[in-house]
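# Chain and residue survey
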Amino acid sequence: MTVSNLRDLAVLTIKTPAEASRVLLGMDIPREALWTGLALVAVLNGLLFTLSNLLVPGPSPLPEIILVPALYTVLVAGGLVLTVYALFWTGRFMGGTGSLDDIMLTIVWLQGLRVALMVLVIVLILTVPVLSALLGFAASIYGLYILLHFIDQAHRLNSLAKSAGVLVASMAAIVLGLTLLISLFGGPISGLSAYV
């Protein structure tokens, strides 16, 4: 795939997400390449996050330890893997027929586009900060719309409402799973008595 093909697919993703998803899912990309792509977008996310913190320093709502680039990258990679599996199993539970590779390809592609958007936002932060904030907000909203189409196509649900259900259930499953892990291995949940 050439840079021109990638650019055309990116434009198609923005203009007609369902069609772009069908084109993408029609490609025969081996699972090893998908795992490599997932690792690459995680590393690029980490690098761009670090770069944005260097260019625009200031207080962060994140804990200090998460601001360490390597740890942030590992957390992003773990979050992407959790998202892939949650979308796969939840979609299957709700009648979807997509494969794990289909879901991973969807997430890797959309994260790749997110990386490209982050580069643009960083450039705008340095040149037109107000525009960067507007672009970030608009991209978040429209990105959700694109994601719903990609989930719909990957799982062959034929319904954006079902796709939204898969997304909500997946995120709920991730939050529940992480909460259970934290309560099992991280001690009592903050605010609750250790003796309950």
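Residues numbered from 1 in each chain as written. Predicted model: local features only at pLDDT ≥ 70, side-chain atom pairs only at ≥ 80, totals over all residues. Heavy atoms only, no water.

## Quick look at the packing of aromatic side chains
Each aromatic ring pair is described using two quantities: the centre-to-centre distance and the angle formed by the ring planes. Using the following cut-off: Think of it this way: a Phe, Tyr or Trp ring, Trp meaning its six-membered ring, pairs with another when their centres are within 6.5 Å, and the plane angle makes it stacked under 30 degrees, edge-to-face over 60, tilted otherwise. By the criteria applied, helices consist of DSSP H or I runs no shorter than four residues and strands consist of E runs no shorter than two, each listed in order from the N terminus. Only protein chains enter the calculation, and the probe is 1.4 Å; a residue is then buried if its accessible area is under 20% of its type maximum, exposed if over 50%, and partly exposed in between.
Within this structure, the stated rule accounts for three aromatic pairs. For the ring pair F88 and W89, a centre distance of 4.8 Å and an interplane angle of 70° mean the geometry is edge-to-face. On the numbers, 5.4 Å between centres and 35° between planes, the contact of Y142 with Y145 is tilted. Of this pair, Y142 and Y145 both sit in helix α6 (residues 129-155), three residues apart, which is roughly one turn of the helix. Overall, the relative accessible area of 32% leaves Y142 in the partly exposed class. Classification of Y145 as partly exposed rests on a relative accessible area of 38%.

## A few points about the side chain of S132
Note the following rule: Here a polar contact is taken to be a pair of N or O atoms separated by no more than 3.5 Å, where protein atoms must pair a possible hydrogen donor with a possible acceptor and residues adjacent in sequence count only if both atoms sit in side chains. Contact definition: two residues touch when any of their heavy atoms are within 4.5 Å.
Locating S132 in the fold gives a position in helix α6. In this structure the side chain of S132 is engaged in a polar contact, spanning 2.6 Å, whose partner is the backbone oxygen of P129. Ignoring any residue separated from it by four or fewer positions in sequence, one finds S132 in contact with V121, L124 and I125.

## Details of the confidence of the model for the chain
The condition is simple: The quantity known as pLDDT measures the predictor's confidence residue by residue, on a range of 0 to 100.
Taken over all residues, the pLDDT of the chain has a mean of 87, while the share at 70 or more is 88%. Across the chain, the secondary-structure element scoring lowest on mean pLDDT is helix α7 (residues 160-185), at 87, and the one scoring highest is helix α2 (residues 17-25), at 95. With pLDDT under 50 throughout, residues 189-196 is counted as low confidence; its partners more than four residues away or in other chains account for three contacts.

## Focus on helix α1 (residues 3-15)
Test applied: Every helix has an expected span of 1.5 Å times one less than the residues it contains. The directions considered for the arc run from the helix axis to the C-beta atoms.
With 13 residues, α1 extends 18 Å from end C-alpha to end C-alpha; this agrees with the ideal 18 Å at 1.5 Å per step. For α1, the complete set of buried residues consists of L9, A10 and T13. The buried residues of α1 occupy an angular sector of 105° when projected down its axis, which confines them to one face. Exposed side of α1, more than 90 degrees from the buried face: R7, I14 and K15 are the residues found there.

## Quick notes on the packing of α1 against α2
Short version of the rule: Axes, fitted as lines to C-alpha atoms, cover a helix only where it is in contact. Angles between the N-to-C directions of the axes lie from 0 to 180 degrees. For classification, angles of less than 35 degrees are called roughly parallel, those exceeding 145 degrees roughly antiparallel, those between 65 and 115 degrees roughly perpendicular, and all remaining angles oblique. By the convention adopted, Pro, Cys, Tyr, Trp, Phe, Met, Ile, Leu, Val and Ala count as nonpolar, Lys, Arg, Asp and Glu as charged, and the other residues, Gly among them, as polar.
Following both chains from N to C, one finds α1 and α2 inclined at 140°, their axes separated by 6 Å at the closest point. When the interaxial angle is binned, α1 and α2 end up oblique. On α2, the residues that touch L9, L12, T13, I14 and K15 of α1 are P17, E19, A20, V23 and L24. Looking at the contact of α1 with α2 residue by residue, the class counts come to seven nonpolar, one polar and two charged.

## Focus: α2
Listing the buried residues of α2 in full gives P17, A18, A20, S21, L24 and L25. What you see down the axis of α2 is that its buried residues fit within an arc of 160°, all on one side. Contacts from the buried residues of α2 go to α1, α5 (100-127) and α6.

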